[in-house]
Amino acid sequence: ILPFSKLEDLLILGNKNLFFYYFSSAGKKSTAKIDKLINKLKKNIESNIQNIDYYLLISIMNIYIFPYFKGAFNYFNNVESTLKELKPNLMILSSESHELFVLAGQAAKKNKIKTALIPHGIYGRGSSEYKKGRFKWIDYGFAFGELDRDKFLLSGMKSENIFITGHPFFGKFTPILK
């Protein structure tokens with residue numbers, strides 16, 4: 001998933017040979033489902049949160065969290081419909097620390113599509129929960145070197161699922177040692 005960089009990107013969305021795709025959060029199909037989900041979450045908070053005032057927590061979530069659920073659900077649905085059309089074998093994502101990448105990765109997992117994480121810059125953010133356990137959605141790690149490989153290992157990723165690729169940018173500018 002990469003952002004558009006020029007006008008031509010908008011004109012070639014139908015090209016299935018692209019290496020990136022734009023997914024929108026626009027859509028109406030999820031409103032009723034999300035409203036039900038939010039109401040269930042509020043009831044769950046009311047009955048299970050005991051260490052703080054549940055009403056205060058719900059009030060804060062009404063302002064800062066719940067308004068974004070519809071867009072997030074639409075984004076997930078749009079990613080999922082694109083994946084169903086394209087039927088890729090692998091989805092490569094450049095982040096795990098932003099909700100849009102997490103939603104895209106979860107859509108891939110739901111559709112049994114393998115995922116790989118290639119760090120965007122210096123690797124070190126993110127969650128080990130995405131690499132192992134119940135919430136795992138990252139299957140492979142593409143490391144720039146041993147340090148990234150070690151960070152993937154420390155986060156719980158299996159060694160056989162980590163591939164050292166080298167840095168895709170610096171390789172053009174550094175001399176090759178013989």
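Each remark here, short or long, concerns the structure printed above.
Keep in mind the model is a prediction, meaning the values are calculated, not measured. (Residues numbered from 1 in each chain as written. Predicted model: local features only at pLDDT ≥ 70, side-chain atom pairs only at ≥ 80, totals over all residues. Heavy atoms only, no water.)

Some points on helix α4 (residues 69-86)
In step 1: For α4, spanning 18 residues, the distance from its first C-alpha to its last is 26 Å, which sits close to the expected 26 Å at 1.5 Å a residue.
In step 2: Buried residues of α4: N74, Y75, F76, N77, N78, V79, E80 and L83, and no others.
In step 3: Two residues or fewer past α4, K87 is found with a positive phi of approximately 55°. (Helix = DSSP H or I, 4+ residues; strand = E, 2+ residues; numbered from the N terminus. Expected span 1.5 Å × (residues − 1). Buried < 20%, exposed > 50% of the residue type's maximum accessible area, 1.4 Å probe, protein only.)

Thoughts on the pattern of salt bridges
A side chain of one charge can pair with a side chain of the opposite charge if their charged atoms are brought near each other.
In step 1: Across all of its chains, the model carries seven salt bridges by this definition.
In step 2: A salt bridge links K110 to E80, with the shortest nitrogen-to-oxygen separation between them at 3.2 Å. Of the two residues, K110 is situated in helix α5 (residues 99-110) and E80 in helix α4; the sequence distance between them amounts to 30 residues.
In step 3: In this structure K110 comes out as exposed when scored by relative accessible area, which is 52%.
In step 4: The shortest N-O distance in the salt bridge between K109 and D139 comes to 2.4 Å. Of this pair, K109 sits in helix α5 while D139 sits in the loop between β2 (114-117) and β3 (140-143), and the two are 30 residues apart along the sequence.
In step 5: Residue classification places K109 among the partly exposed positions, given a relative accessible area of 26%.
In step 6: Overlapping salt bridges bring together E80, K84 and K110 as one network. (Salt bridge = Lys/Arg side-chain N within 4 Å of Asp/Glu carboxyl O.)

So, the environment of L37
In step 1: Inspection of the secondary structure puts L37 in helix α2 (residues 31-48).
In step 2: Sequence separation of L37 and F69 is 32 residues, and the distance between their C-alpha atoms is 9.3 Å.

A few points about the nonpolar core
In step 1: Counting 22 residues, the largest nonpolar core has V79, L83, M91, L93, W137, I138 and F152 as its most contacted members.
In step 2: Ignoring any residue separated from it by four or fewer positions in sequence, one finds W137 in contact with L93, S95, E96, F101, V102, G105, Q106, K109, T115 and Y130. (Core = buried A, V, L, I, M, F, W, Y, C linked by side-chain atoms within 4.5 Å. Contact = heavy atoms within 4.5 Å.)

Brief notes about the pairing of β2
In step 1: Direction of pairing for strand β1 (residues 90-93) relative to β2: parallel, over a ladder of four bridges. Directly across from M91, in β2, lies its bridge partner T115.
In step 2: Bridging between β2 and β3 involves two bridges; their strand directions are parallel. By the bridge assignment, L117 is partnered in β3 with G141. (Pairing = 2+ DSSP bridges.)

Notes on the packing of aromatic side chains
In step 1: Overall, the coordinates contain three aromatic pairs when judged by the stated rule.
In step 2: An angle of 50° between the planes, with centres 6.0 Å apart, marks the rings of Y140 and F163 as tilted. Placement of Y140 in strand β3 and of F163 in strand β4 (residues 162-164) is noted, with a sequence separation of 23 residues between them.
In step 3: Consider the rings of F142 and F163, whose centres lie 6.3 Å apart with planes at 70°: the pair is edge-to-face. Remark: F163 occurs in strand β4 and F142 occurs in strand β3; sequence separation between them is 21 residues.
In step 4: Overall, F142 belongs to the buried group, its relative accessible area being 15%.
In step 5: Assessed through its relative accessible area of 40%, F163 is described here as partly exposed. (Phe/Tyr/Trp six-rings, centres within 6.5 Å; stacked < 30°, edge-to-face > 60°.)

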